[in-house]
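Each chain, written out:
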Amino acid sequence: MSGSSSVFDASASAIGYLYQLRYALLAGLREFGTDASWTVSVEVVDDVEIIAAGENRRWQLKHRAGGTRITDGSTDLWKTLRIWSEAIRDGSLDPARTRLLLLTTSTVPVDSAAHYLQTGPGRDVGKAHELLEAAAAKSASDAKKKSIEAYRGLKDDQRHAMVAAITVLGDGPTIEDVHRDLLQICHFAVGKQTAASLLNRLEGWFIQRCIQTMRVAAAMPISGSEIDEKFSELRDQFRTYNLPIDDDIAEMTVTREEYGERTFIRQLDLIEIGSRRIELAVRDYLRASTQRSRWARENLLLPGEIGTYERRLREEWETHFAVMQDELGVEAAEETKIAMAKRIYGWVETEFRRNIRPECHDPFICKGSFHILADDQRVGWHPDFEARLLTILEPAGGAVNGGD
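Every chain is numbered on its own, with residues counted from 1 as its sequence reads. Where totals are concerned, whole chains, interfaces and linings use all residues; where local detail is concerned, this predicted model gives features only for residues with pLDDT of at least 70, and gives and counts side-chain atom pairs only at 80 or more. The basis for every side-chain value is the complete set of heavy atoms in the structure, and neither hydrogens nor water enter the calculation.

Q: What should I look at first to understand the pattern of salt bridges in this one?
A: Should the charged atoms of two oppositely charged side chains come close, the side chains can pair. The term salt bridge refers to a pairing of a side-chain nitrogen on Lys or Arg with a carboxyl oxygen on Asp or Glu at a separation within 4 Å. Under the definition given, this model contains 33 salt bridges. Among the ionic pairs, Glu261 bridges to Arg256, the shortest N-O distance being 2.7 Å. Linking Arg277 and Glu349 is a salt bridge whose minimum nitrogen-to-oxygen distance equals 2.4 Å. Here Arg277, found in helix H13 (residues 275-297), pairs with Glu349, found in helix H15 (residues 334-350); they are 72 residues apart in sequence, far enough to count as distant. Within the structure, one salt-bridge network assembled from shared partners comprises Arg201, Asp246, Asp248, Arg294 and Glu298. Numbering of helices and strands runs from the N terminus, with a helix taken as a DSSP run of H or I at least four residues long and a strand as a DSSP run of E at least two residues long.

Q: Is there a simple way to explain the nonpolar core in this structure?
A: A general tendency of soluble globular proteins is for nonpolar side chains to be buried together. By convention a nonpolar core is built from buried Ala, Val, Leu, Ile, Met, Phe, Trp, Tyr and Cys residues, the set being connected through side-chain atoms within 4.5 Å. Exposed residues in this analysis have more than 50% of their type's maximum accessible area, buried residues have under 20%, and partly exposed residues fall in between, with area computed by a 1.4 Å probe over protein chains only. One finds Val40, Phe206, Trp295, Ile356, Phe370 and Trp381 to be the most contacted residues of the largest nonpolar core, which totals 86 residues. Examining the composition of this core, we find that eight residues originate from one element, helix H1 (residues 3-29), more than from any other. A contact between two residues is defined here by any heavy atoms of the two lying within 4.5 Å. In contact with Ile356, not counting residues within four places along its chain, are Leu243, Trp295, Leu301, Glu305, Ile306, Tyr309, Arg312 and Ile365. In this structure, Trp78, Leu81, Met162 and Val163 belong to the second largest nonpolar core, which totals 28 residues.

Q: I'm lost on the environment of Phe206 in this one. Help?
A: Secondary-structure assignment places Phe206 in helix H8 (residues 192-215). In sequence terms Phe206 and Ile222 are 16 residues apart; their C-alpha atoms lie 8.9 Å from each other.

Q: What's the story with the pairing of strand S1 (residues 39-42) in this structure? I'm lost.
A: In the case of a regular strand, side chains alternate between the two sheet surfaces. Both faces of S1 are covered, namely the face carrying Thr39 and Ser41 and the face carrying Val40 and Val42. Bridge count for S1 against strand S2 (residues 48-52) is four bridges, and the pairing is antiparallel. Counterpart to Ser41 in the pairing with S2 is Glu49. Two strands qualify as a pair provided that DSSP identifies no fewer than 2 bridges between them.

Q: Where do I start with the packing of aromatic side chains in this structure?
A: Aromatic ring pairs are defined here through the distance separating the ring centres and the angle between the ring planes. Planes of paired rings set the category: under 30 degrees apart is stacked, over 60 is edge-to-face and the rest tilted, where pairs are Phe, Tyr or Trp rings (Trp by its six-membered ring) whose centres lie within 6.5 Å. Counted under the stated rule, the structure contains 14 aromatic pairs. Judged by centre distance (6.2 Å) and plane angle (75°), the rings of Trp317 and Phe385 are edge-to-face. Residue Trp317 is located in helix H14 (residues 305-328), and its partner Phe385 is located in helix H17 (residues 385-393); the two are separated by 68 residues in the primary sequence. Comparing Trp317 with Phe385 shows no difference in burial state: the two are buried. Taken together, Tyr345, Trp347, Phe352, Phe370 and Trp381 form an aromatic cluster joined through their ring pairs. Only Lys NZ and Arg CZ are tested; either one counts as a charge over a ring when it is within 6 Å of the ring centre and within 35 degrees of the ring normal. The positively charged end of Arg159 is found above the aromatic ring belonging to Tyr151, 5.5 Å away from the centroid.

Q: Explain the environment of Val168 here, please?
A: Along the chain, the position of Val168 falls in strand S5 (residues 166-169). Val168 gets classed as buried once you look at its relative accessible area, which sits at 1%. For the pair Val168 and Trp205, spaced 37 residues apart in sequence, the C-alpha separation works out to 30 Å. In contact with Val168, not counting residues within four places along its chain, are Leu102, Val108, Ala114, Leu117 and Gln118.

Q: Before we go on, may I ask you to explain helix H2 (residues 75-89) in this structure?
A: Two residues of an α-helix separated by three or four positions point the same way, owing to the 3.6 residues in each turn. Multiply 1.5 Å by the residue count of a helix minus one, and that product is the helix's expected span. When the terminal C-alpha atoms of H2 are compared, their 21 Å separation across 15 residues agrees well with the 21 Å that a helix rising 1.5 Å per residue should span. Within H2, the full set of buried residues consists of Asp76, Leu77, Trp78, Thr80, Leu81, Trp84, Ser85, Ala87 and Ile88. The inward-facing, buried residues of H2 contact strand S3 (55-62), strand S4 (98-104), helix H4 (125-138), helix H5 (145-152), helix H6 (156-165) and S5. Looking one or two residues beyond H2, the residue adopting positive phi is Gly91, at roughly 85°.

Q: Mind showing me how you'd approach the state of the cysteines here?
A: Note on terminology: disulfide describes a covalent bond linking the sulfur atoms of two cysteines. Disulfides are defined as pairs of cysteine sulfur atoms found within 2.5 Å of each other. If you walk through the whole model with that rule in mind, you get zero disulfides. With no disulfide of its own, Cys186 has Cys210 as its nearest cysteine by sulfur position, at a separation of 16 Å.

Q: Please explain the sheet that holds S5 as it appears in this structure.
A: Within a sheet, each strand pairs with its neighbour through backbone hydrogen bonds, oriented either parallel or antiparallel. Read from one edge to the other, the open sheet built from six strands follows the order S5-S4-S3-S2-S1-S6, with strand pairing classed as mixed. Taken across any chain shown, the strands that pair with only one partner, and hence form the sheet edges, are S5 and strand S6 (222-223). Pairing geometry for S2 and S3, over five bridges, is antiparallel. Within the sheet, the bridge partner assigned to Val48 lies in S3 and is Trp59.

This is the structure we're talking about:
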């Protein structure tokens, strides 16, 4: 096989898996409005399986290039029949209680078995069964040999029952179509401007959750209440009174050595803050700066919102700093200056919390934003921080931030 063919095959497989995940999420969201006693699984029994009260639905999803047709001899059709035939034989599938759905982006030719298994007045299970029997009898393809053996290994009544349970959905939505449908649901939930940001986070969570169900044998399928809860949680983060805090950012860790000798770290050195507390400061700085950058990149912030937030933080700091200066006077010893400065820094670490929005209250945003201000020398801890930093930084050529 040529290298280019391998690339195309790999791309098609990757798109096929992403299609399954994306459609499973859409199928789950479409269950909203029913009770939440249903579950959805991906690649456990079928590509997608939804188990709800009174009805199970097993989906086989086939994402194919435009112009593909699902004929009586199509490999996609027979691979699907093999999966369901083997499940009936091992007792894991009862066609009397299960809807079997083959969703394909391929076109369904008129008078094919797939055509007669579509919904609507033209559905004819008997005719579809007759065509499948004929295709099984005449096929000599090695690629379909095991599929046909699995199909013909069923008893006649089992084959009839399986075919009667099948619904073919041809000319189905492409992966891009499914994305648009998901985006529309998010649009209705939070508005057009933030719909894509909500969907990115929802899909990220859902993919990780699907990986968990596929990798861990004892993992529970994804329940309707779990999807509903996660969707509601994310939706609330995009309200006007909130901003999203992303898990990947909230879990970031870093050491002082990895991050270099930035100005805000030098400020902590001036007041003899311990190494562990400096590492926590670096972590908060990293998280806050990364989260704020993501908000800005996704246009989730109001014009001037960060500037207003930083002004409020700085004004709070100014009051405490001015009180410290008054209490110290002009003749205070260095030891006393450091002790008083530690009190202000401790206030930022453990007491003061100013939320950027009322419900966006993760502490690292406030603490990290103070470190961003300290990095720009707009706030400081030592009463003489401006003069001290000038002395420290000038020999290095005036570089304020030595690390990036």
